[in-house]
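If you want the building blocks of each chain, they are given just below.
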Amino acid sequence: MAAPQTTQLKISGMGCASCVGRVETALRDVPGVSDASVNFATETAQVTYDGQVSGLINALSHAGYPAATRQTTLKIAGMSCASCVSRIEHALKADPAVVEAQVNLATESARVTYVDGVTDPQMLAKRCKDAGYPARVADTAEPQTDQAKTKEAHALTRATVLAAILALPVFVLEMGGHMIPAFHHWVQASIGTQNSHLIQFALTSVLLLGPGRVFYVKGIPALLRGTPDMNALVALGTGAAYLFSVTATFAPQILPQGSANVYFEAASVIVVLILLGRVMEARAKGRTGAAIRKLVGLQPKTARVEMDGAFVDRPIADITVGDILQIRPGERVPVDGEVLEGTSYVDESMITGEPVPVGKSPADQVVGGTVNGTGALRLRATRVGADTVLAQVIRMVEQAQGAKLPIQGLVDRITAWFVPVVIAVALLTIAVWLIFGPAPALPMALVTGVSVLIIACPCAMGLATPTSIMVGTGRAAELGVLFRKGDALQQLQQARVIALDKTGTLTLGRPELESVTTVNGFDRDEVLRLAAAVEAQSEHPIATAITRAGPADLPAISAFESLTGLGVQAKVEGHDLLIGSPRLMAQNEVNLSDLTTEADLRANEGATPLFVAVDGQAAALLAVSDPVKPGTRDALERLHAMGLKLAMVTGDNARTAQALADRLGIDHVTAEVLPDGKLAAITALREQFGTLAFVGDGINDAPALAAADIGVAIGTGTDVAIETADVVLMSGDLRGVANAVEISRRTMRNIRQNLGWAFGYNILLIPVAAGVMYPVSGHLLSPALAAGAMALSSVFVVSNALRLRRVRAALPESPQDHKSQTVTP
């Protein structure tokens, strides 16, 4: 039994003193707990126990008072393959205070969620170090793609060049004689075979002790700990070839006759090729973080701040909420803010993915990192530092890039035992060749054993998924699509139905005057001018839409009266005006026969018809509706083309919803539902069609977003931290949904290609390396060729992932979408 220990847990969810008793009871009921004391003021629990802390965590969670957790990111050195990932995760999860640990080979980092108060990031870093992988706590201000990767690539390049210089003479002396008989005779006559072997010995020794030392420093300790990794495979393979060659050079008599061959060139070329593969891999991995670097580079270093009536340049870190800033033409906006003075067009493409500049005027919001156009702006800072939209976007992208998809679970289970199995296969191969191989069997057994060890390094397996995730989510961010939760990247491509909210998602979310139809000789512009003047007295959204469509200069009115449920009446420039429903017109004996057909047509299309009478005579029909967003029709057509079913789930009346669905080609409509009804509708759609993604505005639709398999929130460019959504679209454009589906499908296809290559490569080439083709061809696979194939396998995986950087938007936005909307007659 473990010795009793005391720990302090931070408790969340306690709302009053009565919660203290419940928490203490929950803790004391855990087997092994001898004492539990809860402090409501500090929201902590002091617990003495002799069991596992996981039991305490589970008890608190079940009681509804979960222990407070924190998240930290560790930068880890020394990882070389997928087996390293599983070992580090195992070491971290061995800490009972660790709730979750995700290690990413591509970013060489670990994101760890742990119970606050039981452990800390430094202790977690020490656990990694004890497992053989030095770690440090990442600086919160440090992007995942920092200069360390560039320095690593440069160091690897220098080591590779030195190794190549040392290996070239070894390769020429040994292999040159095999390929060119005349060269072999020249070496024998001028240098001598023994001297040639001594030269190869000296050069290979320097190479293995210098550039190749890294494989032994990391691989041998891992082997001794019983957790062999890629470095251990290389150390075993090259070490075996080197020691056999040393024996053949200095003590050939102890080897079977005819087997005293040297393989110095194999050991040296293996090191060169693997180092070369790592150089190419490091450079390619550096490019996978281009999206983060681009986002980080968007924020200017300084801003012009108003101080005592003058503007002075100050570092961006010194800007506080409420500061007044000046943005000159062509400058980047330093922080999020509200425009106080000036008008301009701002390029928000790097945040929203929309290519067309957006007009800004007083009271409009601007986002830090965007580019001002030709106008000057004066604005008040509203969000600074980590609270800005840009900082949130960077945070989301980093989290998505570090995520582990469900498909990675299979890879982890395989790679956990892959390296030990490879070592076993190599030993079995050697044994089979020694027993059944032709004479001299020992050199053949050595060549096949070393080839198996070298060719089976699981680098490509470890890189197959994280590199694709990094590049795919980074490219998605450039297109204005943020995958907040990693598994959404995999789930979205499995979606069979897209359910959409109506107001604010399919439509603009505010009524607009759609058309004006006049009769009895009335002038359209004059009727609209009079009607706008009357409706300007009302705050009703429909009245506001009519006023917004009218001219800026409105006439004065008198005798205004609002008629509840009917409309309004007023006197304007000597004319008596009535605006409202057919019932209002009937009460005032206004003949609407010339407008009835048009009114029915507009109503069937989902618009709200309003009648205007001037001096007792029918003058016009005003049709007001919530217009469809630009690009919505194109987006839905594209989603249909992708094989997806489309559904609308809305609280609006059935007639209006069905009319809109008919116009847009939506397959299924559920209308007149409350928020709870939306959840039932989503469940029914999921049962009917399969995996479901729900698209809403991220605020009113929070329950539906949470209930869907994938929640997609339509952002506005400033509201990006929508906690209930799995995917956030920075733009309010539905074409972002098509882009998100496209990115998801392309990324998962890329991952499957990488995994297919990584596993297929090993399945096919391990038998070849073991010599199964020898009876047919009479040749064995050279260990040097095995090293080249292994290195190229990793480079192929990373290069294939980098193709995702060229993914284009499934539906790019067109400039016409940003032209002002005009009322059609």
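About the criteria used
Residues numbered from 1 in each chain as written. Predicted model: local features only at pLDDT ≥ 70, side-chain atom pairs only at ≥ 80, totals over all residues. Heavy atoms only, no water. Axes fitted to C-alpha atoms, helices over the stretch in contact; angles between N-to-C directions. Helix = DSSP H or I, 4+ residues; strand = E, 2+ residues; numbered from the N terminus. Parallel < 35°, antiparallel > 145°, perpendicular 65-115°, else oblique. Contact = heavy atoms within 4.5 Å. Nonpolar A, V, L, I, M, F, W, Y, C, P; charged D, E, K, R; others polar. Polar contact = N/O pair within 3.5 Å; in protein donor to acceptor, adjacent residues only side chain to side chain. UniProt positions renumbered as here; feature names shortened; annotations may be inferred. Pairing = 2+ DSSP bridges.

The contact between helix α15 (residues 441-455) and helix α29 (residues 783-802) brings their axes to 8 Å, and the two run at 10°. The orientation of α15 with respect to α29, classified from their angle, is roughly parallel. Of the residues in α29, those touching α15 at V447, V450, S451, I454 and I455 are P783, A786, A787, A789 and M790. In terms of residue class, the contact of α15 with α29 is made up of nine nonpolar, one polar and no charged.

Moving on: unusual backbone geometry. At A559, a residue that is not glycine, the phi angle is positive and equals roughly 55°. By secondary structure assignment, the location of A559 is in strand β20 (residues 557-563). Here D615, not a glycine, exhibits a phi torsion of approximately 55°, which is positive. In this structure, D615 sits in the loop between β23 (608-614) and β24 (617-625).

So, on to the environment of N520. On the secondary structure map, N520 appears in the loop between β19 (512-518) and α19 (524-535). The sequence separation of N520 and Q617 amounts to 97 residues, and the corresponding C-alpha distance is 8.1 Å. Those residues within four positions of N520 in sequence are excluded, and the remaining contacts are D594, Q617 and A618. Here the side chain of N520 touches A618 through a polar contact of 2.8 Å, landing on its backbone oxygen.

UniProt records the feature "transmembrane region" (unreviewed entry) at residues 159-178, 198-218, 230-250, 262-280, 414-436, 442-465, 755-774 and 780-802, using the numbering of this structure. Within residues 262-280, the helical portion is 89% and the strand portion 0%, while the C-alpha atoms at the span's ends are 30 Å from each other. Within residues 755-774, the helical portion is 85% and the strand portion 0%, while the C-alpha atoms at the span's ends are 28 Å from each other.

The strand order across the open sheet formed by three strands is β1-β3-β2, and the pairing between neighbours is antiparallel. Single-partner strands in this sheet number two, and they are β1 (5-10) and β2 (33-39). Neighbour to neighbour, the strand axes of the sheet diverge by 15° on average, direction disregarded. Summarising the sheet, β2 and strand β3 (residues 44-49) pair through six bridges and their orientation is antiparallel. Note on β3: the bridge partner recorded for A36 is V47.

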